[in-house]
Amino acid sequence: MVIADNPKETRTFANIPVTLTNVELLEKENKVYEVLDNSDFVRVTVEVPRSDLDKLRSSDIVAEADMSKLTAVNTIAINFYVMNEDVSVSNITGNRDMVQLSIEDKVSKWVTVSHHLQGDVAENYMIAGVTLGQTRIRVSGAKSAVDKIDHAAVEFDVAGATTEQSAEVEVKLYDAEGNILDLPTVTKSADHILMTVPVLAVKEVPVELNSMGVPAEGYLPTGEMSCVPPTVRIAGSVSSLANINKISIPQEVLDITGAEGNFESAVNVKSYLPSGIRFADSDFNGRVTATIYIEPKVDRILMIPEENISVLHMPEGFDWEFDEDALPCSLKISGLNEKISEVQQSDIHGTADIGKWMEDNEIKTLKPGIYKIPVAVQLPLTEDIDIKEEVFIQIIIVEVKEEEV
């Protein structure tokens, strides 16, 4: 009569985890295991009196597998029981009675840690290197899993960055082809690593050339200079770059003394970078080629038009005229071809100072006659143009009679 009033009934519980005990036995043998086919989760059916059904919870169900009872085929029998003294269990079974394991030797090795950057920093900024808290980690686990690991790597997103970036980033494992590995049984000596990414501002500035010295006799610098490359890209903090508008090569570095033609020199401008400044391009070694252009002087003979020659300070009672039998008044100039070719004869003027000529030659009393008088020449362009020889005009000085006046 009691059985009829309180019949036995069953209840099934899904996804009951199997607890593995005595796993340290494998660890002592330096071995690791992996559960196969999710065999450490079972569906358990419990038979109890109907009156106990409401007292039974899934948390009461215990499934255990004792590692000390591991079979030669790497299986362990599962034991089931209920941890609830208020429930009277008639029978308990699982949909499987064995946990299936894969057991391997445990191995360890060191692998390098590389880094990957994602995104681009802001315009006119650059990444100035990457620093990792450590560049190697130790991985441990089943030999078949560890053998797949080629290296480890961390990733950092620098998109739009204008200042130094720093964070603890996750370490991921990769095979030799660069594929991410999902190896639950492998442990890492570090799951996260501090990664620091310095970010610097970038600015492009010209290289300024300065020269000193005098070329060989008969040569002149044209005033033109060139630099290859003409500009360099530099990097530093925003504040340190603010007042840098050029990189100057000191004049003593480019000494053209004695040069007979273009002066060319390779210069390492790294020496002239201000403190805290570096080159922005990693493939640029700092060397530039500076050229100071030098050309030989050339000569040119010009004629000074008579109408452009003035005669000053003629003593009273005397007059003058050009000696028609004399050669025209000529002027020999020397300099860079580009300069002297710009000089027009019509623009040349000369002055013959009779008073000064008499004083220089200690002539107290002027007498009529034919004289060669020096001429002071005025050129429209005088920079880098030399007058090679003293200029003279030949004039006839005549005495003017009283009645002719």
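Residues numbered from 1 in each chain as written. Predicted model: local features only at pLDDT ≥ 70, side-chain atom pairs only at ≥ 80, totals over all residues. Heavy atoms only, no water.

Some remarks on the side chain of Asp60
Going by this rule: Only DSSP runs of H or I reaching four residues or more are called helices, and only runs of E reaching two or more are called strands; each is numbered from the N terminus. Categorising residues by exposure relies on relative accessible area from a 1.4 Å probe, with only protein chains included: less than 20% of the type maximum marks a residue as buried, more than 50% marks it as exposed, and the intermediate range marks it as partly exposed. Here the positive residues are Lys and Arg and the negative ones are Asp and Glu; neither His nor the chain ends is included. Counted as salt bridges are all cases of a side-chain nitrogen of Lys or Arg within 4 Å of a carboxyl oxygen of Asp or Glu. The criterion used for residue contact is that any of the two residues' heavy atoms lie within 4.5 Å.
Mapping Asp60 onto the fold places it in the loop between strand 3 (41-49) and strand 4 (61-66). Summary of buried charges: Asp60 has no salt-bridge partner, and the nearest side chain of opposite charge, Arg57, is 6.3 Å away. Contact partners of Asp60, with chain neighbours within four places excluded, come to Lys55, Tyr81, Val82, Met83 and Asn84.

Let's talk about the sheet that holds strand 29 (residues 376-378)
Let me state the cut-off plainly: If DSSP finds at least two bridges between two strands, the strands pair. Interaxial angle, 0 to 180 degrees, is taken between N-to-C directions of lines fitted to C-alpha atoms, where a helix line uses only the stretch in contact.
If you trace the three strands from one edge of the open sheet to the other, you get 24-27-29, paired in mixed fashion. One side of each edge strand has no neighbouring strand; the edge strands of this open sheet are strand 24 (309-312) and strand 29. Each adjacent strand pair in this sheet contributes to an overall mean axis angle of 20°, direction not counted. Strand direction decides the pairing type here: strand 27 (residues 349-353) and strand 29, joined by three bridges, are antiparallel. Following the sheet pairing, Gly350 is matched in strand 29 by Val377.

Details of the pairing of strand 1 (residues 8-21)
Bridge count for strand 1 against strand 3 is eight bridges, and the pairing is antiparallel. Following the sheet pairing, Phe13 is matched in strand 3 by Val44. Bridge count between strand 1 and strand 4: four bridges; the pairing is parallel. For Leu20, the partnering residue across the bridge sits in strand 4 and is Ala65.

A few points about the pairing of strand 3
For strand 3 and strand 6 (residues 91-94), the ladder comprises four bridges, and the chain directions are antiparallel. Residue Thr45 lies in a different strand from strand 6, and its bridge partner there is Thr93.

Structural notes on the confidence of the model for the protein chain
Under the convention used in this document: Within a predicted model, pLDDT stands for the predictor's per-residue confidence, ranging from 0 to 100.
When pLDDT is averaged along the protein chain, the result is 92, and 98% of the positions lie at 70 or above. Within the protein chain, helix 1 (residues 2-5) has the poorest average pLDDT of any element, 58, and strand 13 (residues 172-174) the best, 97.

Notes on the side chain of Thr196
Under the convention used in this document: Definition of a polar contact: a pair of N or O atoms within 3.5 Å, with one able to donate and the other able to accept a hydrogen when the atoms are protein atoms, and with sequence-neighbouring residues admitted only if both atoms are side-chain atoms.
Relative to the helices and strands, Thr196 is located in strand 15 (residues 192-197). Relative accessible area serves as the criterion here: at 15%, Thr196 is assigned to the buried category. Of note is the side chain of Thr196, whose polar atom sits 3.3 Å from the side chain of Ser166.

Brief notes about the packing of aromatic side chains
Each aromatic ring pair is described using two quantities: the centre-to-centre distance and the angle formed by the ring planes. Rule in force here: To pair, rings of Phe, Tyr and Trp, with the six-membered ring standing in for Trp, must have centres within 6.5 Å; the planes then decide the type, stacked if under 30 degrees apart, edge-to-face if over 60, and tilted in the middle.
Summed over all chains, the structure comprises three aromatic pairs. Their ring planes at 80° and their centres at 4.9 Å tell us that Phe279 and Phe284 sit as a pair that is edge-to-face. On the basis of relative accessible area, Phe279 is assigned to the buried category, the value being 9%. A residue is classified by how much of its surface remains accessible, and Phe284, at 21% relative accessible area, is partly exposed. Taking the centre distance of 5.2 Å and the plane angle of 70° together, the rings of Trp357 and Tyr371 count as edge-to-face. Within this pair, whereas Trp357 is found in helix 6 (residues 354-360), its partner Tyr371 is found in strand 28 (residues 369-374), the two being separated by 14 residues in sequence.

Comments concerning the sheet that holds strand 15
As a general point, the strands of a sheet are linked pairwise by backbone hydrogen bonds and lie either parallel or antiparallel. Spatially, 9-15-12 is the arrangement adopted by the three strands of the open sheet, whose pairing is antiparallel. Edge strands, defined here as strands with exactly one partner in the open sheet, are strand 9 (131-132) and strand 12 (165-170). Summarising the sheet, strand 9 and strand 15 pair through two bridges and their orientation is antiparallel. Of the residues in strand 15, the one forming a bridge with Leu132 is Met195.

Some thoughts on a negative patch on the surface
The condition is simple: Within this analysis, patches are made of residues with over 30% relative accessible area and no salt bridge. Like charges are joined at 9 Å or less; nonpolar side chains (Val, Leu, Ile, Met, Phe, Trp, Tyr) at 5 Å or less. The Shrake-Rupley method, run with a 1.4 Å probe, gives the accessible areas here. Residue values count only the displayed protein chains as cover. The location of each charge is read from NZ of Lys, CZ of Arg, CG of Asp or CD of Glu.
A cluster of acidic side chains, namely Glu306, Glu307, Asp319, Glu321, Glu324 and Asp325, defines a negative patch on the protein surface. For Asp325, the location among the structural elements is in the loop between strand 25 (318-322) and strand 26 (330-335). Asp325 sits in the exposed class, given a relative accessible area of 74%.

What about the environment of Thr365?
Examined against the element boundaries, Thr365 turns out to sit in the loop between helix 6 and strand 28. Given a relative accessible area of 58%, Thr365 falls into the exposed group. Taking the C-alpha atoms as reference points, Thr365 and Thr135, 230 residues apart in sequence, are found 102 Å from one another.

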